[in-house]
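# Structural overview for review
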Amino acid sequence: MTTNDEYVPSTSDFARGHVEQILEAGSTDVADVMGLKVVVLTMTGAKSGKIRKTPVMRVEHDGVYAAVASLGGAPKNPVWYYNLKADPNVNLLDGDVAKDYVAREIEGAEYDEWWVRSVAAYPPYEEYQTKTDRKIPLFLLEPVA
């Protein structure tokens, strides 16, 4: 993902604070949620076309990552869900390593396998699913060749 577009910080105090801390340090190692690691996704805003950055829980397996659109079990998807649907090209920062990935929403057996991995990485996801009627979406982030 390469762009010269303007970065617009999140309106969420939580997300904005984490991203600012990470950008200042140059590494995701300085931020966590409940002691668990996060990564930062850089994407293009679906409506604004501006650069957006959001921290998500680190769910990784064999160089592929999952992005869990939980929004804490809210009845709606997080805004970044629509960004990935509109443009699946993202940059992911894990530690101090940034690479380009392509996101795709998953279903079926692949979803089930990655849901187990996601809950193992961040156990509150299991509770979040009980708080909402929507099936929490999962995206796989696969490295660009």
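Note: the structure precedes this text.
Residues numbered from 1 in each chain as written. Predicted model: local features only at pLDDT ≥ 70, side-chain atom pairs only at ≥ 80, totals over all residues. Heavy atoms only, no water.

## Quick look at the overall build of the chain
Note the cut-off: Only DSSP runs of H or I with at least four residues qualify as helices, and only runs of E with at least two residues qualify as strands; both kinds are numbered from the N terminus onward. A radius of gyration in this sense is built from C-alpha atoms; the matching globule rule multiplies 2.2 Å by the number of residues raised to 0.38. Relative accessibility thresholds used throughout: buried, under 20% of the residue-type maximum; exposed, over 50%; partly exposed, between the two (1.4 Å probe, protein chains only). Here, two residues are considered to be in contact whenever any of their heavy atoms come within 4.5 Å of each other. Throughout, the Shrake-Rupley method with a 1.4 Å probe supplies accessible areas, and for residues the shown protein chains are the sole cover considered. A positive count includes Lys and Arg, and a negative count includes Asp and Glu. His and the chain ends are not counted in either. To locate a charge, take atom NZ for lysine, CZ for arginine, CG for aspartate or CD for glutamate.
In terms of helices and strands, the chain carries four helices and eight strands. Sequence-ordered secondary structure for the chain, helices as α and strands as β, is α-β-β-β-β-β-α-β-β-α-α-β. On C-alpha atoms alone, the chain measures out to a radius of gyration of 14 Å, which is about the 15 Å that the 2.2 N^0.38 rule sets for 145 residues. Taken along the three principal axes of its C-alpha coordinates, the chain extends 40 × 30 × 30 Å. In the chain, buried positions account for 45% of the 145 residues. Put simply, of all contacts in the chain between residues at least 6 apart along the chain, 64% involve residues at least 24 apart. Surface summary for the chain: the accessible area is close to 7700 Å², and the carbon and sulfur share equals 51%. Of the side-chain charges in the chain, 15 are positive and 22 negative, and the distance between the mean point of each set is 5 Å.

## Some details on the nonpolar core
Threshold: Throughout this description, the term nonpolar core refers to a set of buried Ala, Val, Leu, Ile, Met, Phe, Trp, Tyr and Cys residues connected via side-chain atoms within 4.5 Å.
Among the nonpolar cores identified, the biggest contains 22 residues, and Trp-114, Trp-115, Tyr-125 and Leu-138 are the most heavily contacted of them. When residues of this core are traced back to their parent elements, those giving at least two are β2 (36-44), β5 (64-68), α3 (108-121), α4 (124-130) and β8 (138-143). If you tally residues by element for this core, the top one is α3, at four residues. Formed by 16 residues, the second largest nonpolar core is a distinct cluster that contains Val-56, Tyr-81, Val-90 and Leu-141.

## Let's talk about the side chain of Thr-28
Stated formally: Polar contacts, as counted here, are pairs of nitrogen or oxygen atoms within 3.5 Å of one another; within protein the pair requires one atom able to donate a hydrogen and one able to accept it, and residues that are adjacent in sequence qualify only if both atoms are side-chain atoms.
If you trace the backbone, Thr-28 turns up in the loop between α1 (13-25) and β1 (32-33). Reaching out from Thr-28, the side chain makes a polar contact with the backbone nitrogen of Gly-95 at a distance of 2.6 Å. When near neighbours in sequence (up to four residues on either side) are disregarded, Thr-28 contacts Ile-22, Val-38, Val-39, Val-40, Leu-93, Asp-94 and Gly-95.

## Examining the pattern of salt bridges
The line we're drawing: Think of a salt bridge as a Lys or Arg side-chain nitrogen and an Asp or Glu carboxyl oxygen that are within 4 Å of each other.
Tallied over the full model, the rule gives nine salt bridges. Glu-110 is paired through a salt bridge with Arg-104; the nearest N and O atoms lie 2.7 Å apart. Overall, the relative accessible area of 32% leaves Arg-104 in the partly exposed class. Note that Glu-142 and Arg-104 form a salt bridge whose closest N and O atoms lie 3.0 Å from each other.

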